[in-house]
Amino acid sequence: DMQATSLPSLEELRISSTPLTSTSLQNLLQHAPKLESLDLSYCHNISGVMKLWLPALITLNLDWSAISALSLQNLLLHSSKLKSLSLRNCHNISGSIERLFLPSLEKLDLTGSEISTTGLSNLLNHCPKLEELLLQDCSNAHLSEALANKSFPFLHKLYLGKSNLSQQDLVK
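Residues numbered from 1 in each chain as written. Predicted model: local features only at pLDDT ≥ 70, side-chain atom pairs only at ≥ 80, totals over all residues. Heavy atoms only, no water.

## Focus on the overall build of the protein
The helix and strand tally for the protein stands at five helices and seven strands. Helices and strands in the protein line up, N terminus first, as β-α-β-β-α-β-β-α-β-α-β-α. Relative to its length of 172 residues, the protein is compact, with a C-alpha radius of gyration of 16 Å against a globular reference of 16 Å. Counting the 172 residues in the protein, one finds 46% classified as buried. Partitioning the intrachain contacts of the protein with sequence separation of at least 6 by distance along the chain shows that 52% fall at a separation of at least 24. Surface summary for the protein: the accessible area is close to 8700 Å², and the carbon and sulfur share equals 50%. (Helix = DSSP H or I, 4+ residues; strand = E, 2+ residues; numbered from the N terminus. Rg over C-alpha atoms; globule rule 2.2 N^0.38 Å. Buried < 20%, exposed > 50% of the residue type's maximum accessible area, 1.4 Å probe, protein only. Contact = heavy atoms within 4.5 Å. Areas by Shrake-Rupley, 256 points an atom, 1.4 Å probe, with all protein chains shown as cover.)

## Quick word on the environment of Leu 135
For Leu 135, the location among the structural elements is in the loop between β6 (132-134) and α4 (143-147). Distance in space between the C-alpha atoms of Leu 135 and Arg 88 is 9.2 Å, their sequence separation being 47 residues. Excluding its chain neighbours within four sequence positions, the residues that come into contact with Leu 135 are Leu 110, Leu 120, Leu 143, Leu 147, Tyr 159, Leu 160 and Gly 161.

## As for the nonpolar core
Counting 46 residues, the largest nonpolar core has Leu 29 and Leu 110 as the members making the most contacts within it. At the level of elements, α1 (22-29), α2 (69-77), α3 (117-125) and α4 are the ones that each hand at least two residues to this core. Setting aside chain neighbours within four positions, we find Leu 29 in contact with Leu 13, Leu 35, Leu 38, Leu 52 and Leu 54. (Core = buried A, V, L, I, M, F, W, Y, C linked by side-chain atoms within 4.5 Å.)

## What to know about the side chain of Ser 121
Examined against the element boundaries, Ser 121 turns out to sit in helix α3. The exposure class of Ser 121 is buried, given its relative accessible area of 16%.

## Some points on the packing of aromatic side chains
Per the stated rule, a full pass over the model turns up one aromatic pair. Measuring from centroid to centroid gives 6.2 Å for Tyr 42 and Trp 64, while their planes differ by 10°, and the two rings are stacked. Of this pair, Tyr 42 sits in the loop between β2 (37-39) and β3 (59-61) while Trp 64 sits in the loop between β3 and α2, placing them 22 residues apart in sequence. Residue classification places Tyr 42 among the partly exposed positions, given a relative accessible area of 40%. Among the residues examined, Trp 64 registers a relative accessible area of 39% and is labelled partly exposed. (Phe/Tyr/Trp six-rings, centres within 6.5 Å; stacked < 30°, edge-to-face > 60°.)

## Observations regarding the sheet that holds strand β1 (residues 12-14)
Across the sheet, which stays open at both edges, the seven strands sit in the order β1-β2-β3-β4-β5-β6-β7 with parallel pairing between neighbours. The open sheet is flanked by β1 and β7 (157-159), the only strands paired with a single partner. Strand-to-strand, the axes of this sheet are offset by a mean angle of 5°, without reference to chain direction. (Pairing = 2+ DSSP bridges. Axes fitted to C-alpha atoms, helices over the stretch in contact; angles between N-to-C directions.)

## A few points about the pattern of salt bridges
Inspection of the entire model under this criterion finds three salt bridges. In this structure, the salt-bridge partner of Arg 14 is Glu 12, at a minimum N-O distance of 2.7 Å. For Glu 12, a relative accessible area of 41% translates into the label partly exposed. Between Asp 109 and Arg 88 there is a salt bridge, with the nearest N and O atoms lying 2.6 Å from each other. Of this pair, Asp 109 sits in strand β5 (residues 107-109) while Arg 88 is found in the loop between β4 (84-86) and β5, placing the two residues 21 residues apart along the sequence. Classification of Asp 109 as buried rests on a relative accessible area of 4%. (Salt bridge = Lys/Arg side-chain N within 4 Å of Asp/Glu carboxyl O.)

## Quick look at the environment of Ile 46
Within the element layout of this structure, Ile 46 appears in the loop between β2 and β3. Put simply, Ile 46 and Pro 33 are 13 residues apart on the chain and 20 Å apart in space, counted from C-alpha to C-alpha. Setting aside its immediate chain neighbours within four residues, Ile 46 contacts Leu 20, Thr 21, Ser 22, Leu 25, Leu 40, Leu 62, Ser 65, Ala 66, Ile 67 and Ser 68.

Okay, here's the thing in structure tokens:
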């Protein structure tokens with residue numbers, strides 16, 4: 001395993017499709033306070049618990065990764081500057097992000113995730129600046145209920161393909 005590495009000026013890291021483990025990743029990013037963009041898509045070995053503090057993080061891509069709910073929660077807890085979060089086909093995240101306040105989040109991609117109706121509804125209550133919301137193929141969430149009585153003053157793009165919306169839901 002890698003020893004802790006100091007990367008005080010690192011702003012962007014793309015390590016998609018690598019066999020890095022949670023421990024290796026934590027050691028690598030333990031001293032990367034300026035990291036703004038992190039791509040861990042297709043990293044299937046990051047299912048262990050990580051405690052990462054990345055206060056400058058703006059963009060996070062975890063598509064098809066095995067990140068655990070607890071690690072995701074730990075990561076997002078201190079990421080108040082996060083503007084873009086992609087969790088396409090993340091299947092271990094239930095219960096992790098629903099209660100987090102993401103004040104700067106503008107783009108949220110939950111395509112193919114297993115978020116619940118209640119989870120999605122709660123999450124959307126805590127993302128006041130959303131401009132782009134991707135919810136294709138979210139089979140566990142009843143979107144008409146999750147989106148009910150919500151206000152999205154900044155929303156420009158909404159993707160609902162392969163969802164469980166009916167024609168009646170759209171005309172309510």
